[in-house]
Amino acid sequence: MNYTPRRLFGSLATAMVTPFHADGSIDLDSAVRLAKKLVDDGSDTVLLSGTTGESPTTHQPEKDELTVAVKEAVGDRAFILCGACSNDTAHAVRIGEGAQASGADGLLVVSPYYNRPSQMGLRAHVRAIADATDLPVMLYDIPGRTGLAFSDETLDDLATHPRIKAVKDATGNVEQGVERMHRTKLEYYSGDDGLNFAWMTGGASGFVSVVSHVASSHYRKMIDLLDADKVWEARELAYSLRPLVAAIMGGGQGAVMAKAALYLQGVIETPVLRLPLVGASNDEMESLKSALKVAELL
């Protein structure tokens, strides 16, 4: 009998970039076009206003306008997951409330960065956001960026909240994550494209991807192969994507390189970013072009 994991948040989520016009304002037309393409290519969840969507430098009502536009464009074809991410709890609550009012289906909540509270403070932060809406919540554990990991005790506590349902794990520790998903019964999602295959074979529900901006169809095939217990075929597909993963996630920054790739493909009008992010270097662009060509995506 094939094992089918629970998938409240879908199986393939793309952490979508936020396209900008040349003047730095949000390009809703490009955002809608991109969201439709991602869903057509196999993404069943679209994450808006996450780190790859430059959430630290986009603001309300921009986030809400983006959510409304994408929700209207894809309708029920995809789950709309929105970041409610801030190191200011009150601000994160307002973002979450705005996301729900704008049509979001769920929230992504990261641990507070920079001020780095205690684990007790982390639990209070997450619970305040989860209590503020009726939406299911995916936690985001990425200590390399936040400086604050979720402890076992914190995950055990938060797993008892009725709206906290999943974890996006970008710790790089698959063994720890597999143990945690079995203990807490939370759904787990890979937050690292280089470990997507490893996470899925460990029992994860899916992954939240940046590389899927250009490779959604490949990742959808990988998931379908794994669901059919065709592990070796999925492994070879995962291996074939390694140069693309390295070009987008290896040396550069995911949001930078994903925008560069989409611009090269003609999906978005500009690769413009908001400071402090800056565009890809010449060397990064050449590596990206090469990887896209090898994958027959350019």
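As annotated in an unreviewed UniProt entry, the protein carries the name 4-hydroxy-tetrahydrodipicolinate synthase and is attributed to Schaalia turicensis ACS-279-V-Col4. Reading the Catalytic activity (unreviewed entry) entry of the UniProt record for the protein gives the comment "L-aspartate 4-semialdehyde + pyruvate = (2S,4S)-4-hydroxy-2,3,4,5-tetrahydrodipicolinate + H2O + H(+)".

A. Region of interest: the overall build of the protein. The helix and strand inventory of the protein stands at 13 helices and 8 strands. Since a compact globule built from 298 residues should have a radius of gyration of about 19 Å, the 18 Å found for the protein is in line with a globular shape. The principal-axis extents of the C-alpha atoms in the protein amount to approximately 50 × 45 × 35 Å. Counting the 298 residues in the protein, one finds 54% classified as buried. Taking as baseline every contact in the protein between residues at least 6 positions apart, the subset at least 24 positions apart corresponds to 73%.

B. Structural context of the environment of Thr146. When you line up the elements, Thr146 lands in helix H5 (residues 143-146). Judged by its relative accessible area of 5%, Thr146 falls in the buried class. On a C-alpha basis, the gap between Thr146 and Asp88 in space is 13 Å, while along the polypeptide they are 58 residues apart. Not counting the four nearest positions on each side in its chain, Thr146 is found in contact with Val110, Ser111, Pro112, Tyr113, Tyr114 and Arg116. Of note is the side chain of Thr146, whose polar atom sits 3.1 Å from the side chain of Ser111.

C. Geometry of the UniProt feature "site: Part of a proton relay during catalysis" (unreviewed entry) in the protein. Taking the UniProt record as the reference, the feature "site: Part of a proton relay during catalysis" (unreviewed entry) is found at Thr51 and Tyr114. Within the annotated group, the residues that form the lining of the largest pocket are Thr51. Relative to the helices and strands, Thr51 is located in the loop between strand E2 (45-48) and helix H2 (62-74). Not counting residues within four places of it along the chain, the set of residues in contact with Thr51 comprises Tyr140 and Arg145. When you line up the elements, Tyr114 lands in the loop between strand E4 (106-110) and helix H4 (119-132). The residues touching Tyr114, leaving out its near neighbours within four places in the chain, are Asn87 and Thr146.

D. Spatial organisation of empty space enclosed by the protein. For the structure on display, the rule yields 1 cavity of 30 Å³ or more. One number sums up the size of the largest cavity: a volume of about 40 Å³. In terms of lining, the largest cavity is formed by Ser49, Lys63, Asp64, Thr67, Cys82, Gly83, Ile95 and Ala99. At the level of elements, H2, strand E3 (79-83) and helix H3 (89-101) are the ones that each hand at least two residues to the lining of the largest cavity. Broken down by element, the residue count for the lining of the largest cavity peaks at 3 residues, all from H2. Among the residues forming the lining of the largest cavity, the class breakdown is 3 nonpolar, 3 polar and 2 charged.

E. Region of the structure containing the pairing of strand E6 (residues 164-169). E6 sits mainly inside the fold: 5 of its 6 residues count as buried. Following the backbone out of E6, through helix H7 (residues 174-184) and into the adjacent parallel strand E7 (residues 187-190), one traces a crossover that is right-handed.

F. Focus on the layout of surface pockets. Computed from the structure, the largest pocket encloses a volume of approximately 440 Å³. Along the walls of the largest pocket sit 22 residues, with Thr51, Ser55, Pro56, Tyr113 and Arg145 positioned nearest its centre. Mapped onto the lining of the largest pocket, the elements with two or more residues apiece are H3 and H5. When its residues are assigned to classes, the lining of the largest pocket shows 9 nonpolar, 9 polar and 4 charged. Its volume calculated, the second largest pocket comes out at about 340 Å³. Taken together, 24 residues make up the lining of the second largest pocket; nearest its centre are Tyr140, Ile142, Arg145, Gly191 and Met249. Classifying every residue of the lining of the second largest pocket gives 11 nonpolar, 9 polar and 4 charged.

Rules used throughout
Residues numbered from 1 in each chain as written. Predicted model: local features only at pLDDT ≥ 70, side-chain atom pairs only at ≥ 80, totals over all residues. Heavy atoms only, no water. UniProt positions renumbered as here; feature names shortened; annotations may be inferred. Helix = DSSP H or I, 4+ residues; strand = E, 2+ residues; numbered from the N terminus. Rg over C-alpha atoms; globule rule 2.2 N^0.38 Å. Buried < 20%, exposed > 50% of the residue type's maximum accessible area, 1.4 Å probe, protein only. Contact = heavy atoms within 4.5 Å. Polar contact = N/O pair within 3.5 Å; in protein donor to acceptor, adjacent residues only side chain to side chain. 1 Å grid on protein atoms, 1.4 Å probe; cavity = no way out; pocket = protein on both sides within 12 Å on 5 of 7 lines; lining within 4 Å. Points joined across faces, edges and corners; volume = space filled by probe spheres on them. Nonpolar A, V, L, I, M, F, W, Y, C, P; charged D, E, K, R; others polar. Right-handed = clockwise from strand over helix to strand, strands pointing away.

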